[in-house]
Amino acid sequence: IREGVAWIESHNDFKVCQVPEAAFEPLYSTWYQFHQQITDTEIEAECREAVKLGMKTIIVDDGWQTADNNRGYAYCGDWRVAPVRIKDMAAHVKRVQDMGMKYMLWYSVPFVGEHSQAYERFKGKFLGPSHGAFVLDPRFPEVREYLISTYEKALREWNLDGFKLDFIDSFRIKGTDPAVAENYAGRDIKSVPEAVDVLMKGVLSRLQAIKPDILIEFRQNYIGPAIRQYGNMFRASDCPGDMQNNRIRISNLRLTSGTTAVHADMIEWNPNEKPEVAARHILSALYSVVQYSVMLRDIPQSHREVVKHWLEFSQKHRQTLLHGSFRPYHPEACFPILEAESKMERIISAYQEGVVVKAGKCDREIYIINATGAEKVVVELEKKPKKAE
C-alpha cells in the first residue's frame, strides 16, 4: 500500500503539504459533547481542564456561526460569528491561546444555506442541493475567490492557528451538469475535480503566506494521496463511541498518509462506565493523534486519571507511536494487533481476546498493551541466541 501511494505521488508530481509538529499535538474537539450549542465561556472552561491534562489544540466545530440548533446547514455561507455563541471572536481566541492551546475553527466549505446572504449572491452558481443547503460551483473564479478570502479574513482578524475544512467531498454533480445547458458560461474550468484542486491549492498557498505553519484538517471520506497537497491533518471519519471502527480507519489512514498527521475520530465514552472502558477507547486511537470529545468537567476523577496517564504515555512515546514504523496486522480480522517501532523501542497493542502477541526479538525496550478487555494476553518472544563459548 505504501509503495502504491508513493507511486501515485511521484507519477503525478504531487507536492505534499508541510506538516508542522503542532499537527501531532493532543487535541480537544467540541463536536460530540456540545454539537452546535457552544459559547465562548463554555469553550474556555473546557480548555482550562484540557490544558491541565496535557492537550495542546482545540477545534471549535459547527455552531459558532449560527444561533440555530436544528443541525443541517441552512444558515451556512456567510461565516459571521453568532454573538449569542461568541461575543468577541478575536478576544476569545486570544484567551484560549494564552492558556497554551492552538485554536482551529470549523467551516463547511461548499455549503451555502438559503437563509444566508451568500445564497442570493451566488444564485445560479450552485452544483445542486446537499445536506439541506446548496453546493457552490468551484468552476466559477468568483466562488473560489470568495471562499479563499473568507478564510484569509478569519485568519487575519482572529489570529487562528488552523482550519477544519469540512465536506469538500460534496463538490460533486448529481445527475445532469448544470453547466452544460449554459455552455459553461462564467466558468473558467470545465472539470469539477480540477476546479476543487485549484481551489484547495489556492486556500493552502494563501493561508501559508500569512501563517506558514497553518494547520488544516480533513476527514477520511475524501482522503487519498492527492489530498496530501492541501492539508496536514487527516482524521478518521465519524464513528462516535465505536472504538473498533476508529482503530480500523486510523490503521488505513496510517498506511496511506505518509508523514501527514493521522488523527482519530473524536473519542467519547459513557461517563458511567468503568475507567477501563474509557482506557480502551483511548488505546484504540493510540497510534494516531487522539482527539478528545468528552465534557472534561463532567467525567469522574478516575476517568480524568486515565486520560492523563495515557496522554503522558502517548507524548513520552510520540516518536515511536506517530513517526515510527507502523505495522497493522490482520485486516481481515479488523486489525486485532497494531505495532509501532523505532530504534529505541517497540510498542505492540492487542485488541482482541485470544490473540498471540508476537513481540519479536529482545533487541530493544518492548511495551505490550492489553486493550482486549480480558485480564490476560499471551506474548511470544524470540529466544535469545546462545553466546559462543
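Here the structure is a predicted model, which means the values were calculated and not measured.

A. The overall build of the protein, seen in detail. Of the regular secondary structure elements, the protein holds 12 helices and 17 strands. The C-alpha radius of gyration of the protein comes to 22 Å, within 12% of the 21 Å expected for a compact globule of 389 residues. Relative to its 389 residues, the protein shows a buried fraction of 56%. In the protein, 67% of the contacts between residues at least 6 apart in sequence involve partners at least 24 apart. Only carbon and sulfur atoms are counted for the fraction: they give 50% of the accessible area of the protein, which is about 17,700 Å². Charged side chains of the protein number 51 positive and 53 negative; the gap between the two group centres comes to 3 Å.

B. Representation of the pairing of strand β2 (residues 57–60) in the model. Residues T57 and I59 of β2 are buried on one face, and the alternating residues I58 and V60, pointing to the opposite face, are buried as well. Relative to β2, strand β1 (residues 27–29) is paired through three bridges, and the arrangement is parallel. Directly across from Y28, in β2, lies its bridge partner I58. Taken together, the four bridges between β2 and strand β3 (residues 102–108) define a ladder with parallel strand orientation. Each bridged residue has a counterpart across the sheet, and for T57 the counterpart in β3 is K102.

C. Fine view of empty space enclosed by the protein. Under the definition given, this model contains three cavities of 30 Å³ or more. F24, P26, L286, S288, V289, V290, Y292, L311, S314, Q315, L321 and L322 together form the lining of the largest cavity. Looking at the lining of the largest cavity, the elements that each hand over two or more residues are α11 (301–316) and α12 (318–323). Per element, the largest residue contribution to the lining of the largest cavity is three residues, and it comes from α11. When grouped by side-chain class, the residues that make up the lining of the largest cavity number nine nonpolar, three polar and no charged.

D. Structural context of the pairing of strand β8 (residues 215–219). Counting buried residues in β8 gives five out of five residues, a clear majority hidden from the surface. Side chains L215, E217 and R219 project from β8 onto one buried face, and the interleaved I216 and F218 project onto a second face that is buried too. The pairing of β8 with strand β9 (residues 233–235) spans three bridges and is classified as parallel. What sits directly across from F218, in β9, is F234.

E. Summary view of the pattern of salt bridges. Per the stated rule, a full pass over the model turns up 37 salt bridges. With a closest N to O distance of 3.3 Å, R318 and E21 form a salt bridge. On the criterion of sequence distance, the pair formed by R318 in helix α12 and E21 in the loop between α1 (2–11) and β1 is long-range, its members being 297 residues apart. Residue K125 is joined to E142 by a salt bridge in which the shortest nitrogen-to-oxygen separation is 2.6 Å. Of this pair, K125 sits in the loop between α5 (117–121) and β5 (126–130) while E142 is found in helix α6 (residues 141–158), placing the two residues 17 residues apart along the sequence. Accessibility expressed as a relative area gives 21% for K125, which makes it partly exposed. Through salt bridges that share partners, D166, E217, R219, R235, D238 and D265 make up one connected network.

F. Looking closely at the side chain of E217. Following the sequence through the fold, E217 ends up in strand β8. The exposure class assigned to E217 is buried, which follows from its relative accessible area of 1%.

Rules of the game
- Residues numbered from 1 in each chain as written.
- Predicted model: local features only at pLDDT ≥ 70, side-chain atom pairs only at ≥ 80, totals over all residues.
- Heavy atoms only, no water.
- Helix = DSSP H or I, 4+ residues; strand = E, 2+ residues; numbered from the N terminus.
- Rg over C-alpha atoms; globule rule 2.2 N^0.38 Å.
- Buried < 20%, exposed > 50% of the residue type's maximum accessible area, 1.4 Å probe, protein only.
- Contact = heavy atoms within 4.5 Å.
- Areas by Shrake-Rupley, 256 points an atom, 1.4 Å probe, with all protein chains shown as cover.
- Lys, Arg positive; Asp, Glu negative; His and termini not counted.
- Charge placed at Lys NZ, Arg CZ, Asp CG, Glu CD.
- Pairing = 2+ DSSP bridges.
- 1 Å grid on protein atoms, 1.4 Å probe; cavity = no way out; pocket = protein on both sides within 12 Å on 5 of 7 lines; lining within 4 Å.
- Points joined across faces, edges and corners; volume = space filled by probe spheres on them.
- Nonpolar A, V, L, I, M, F, W, Y, C, P; charged D, E, K, R; others polar.
- Salt bridge = Lys/Arg side-chain N within 4 Å of Asp/Glu carboxyl O.

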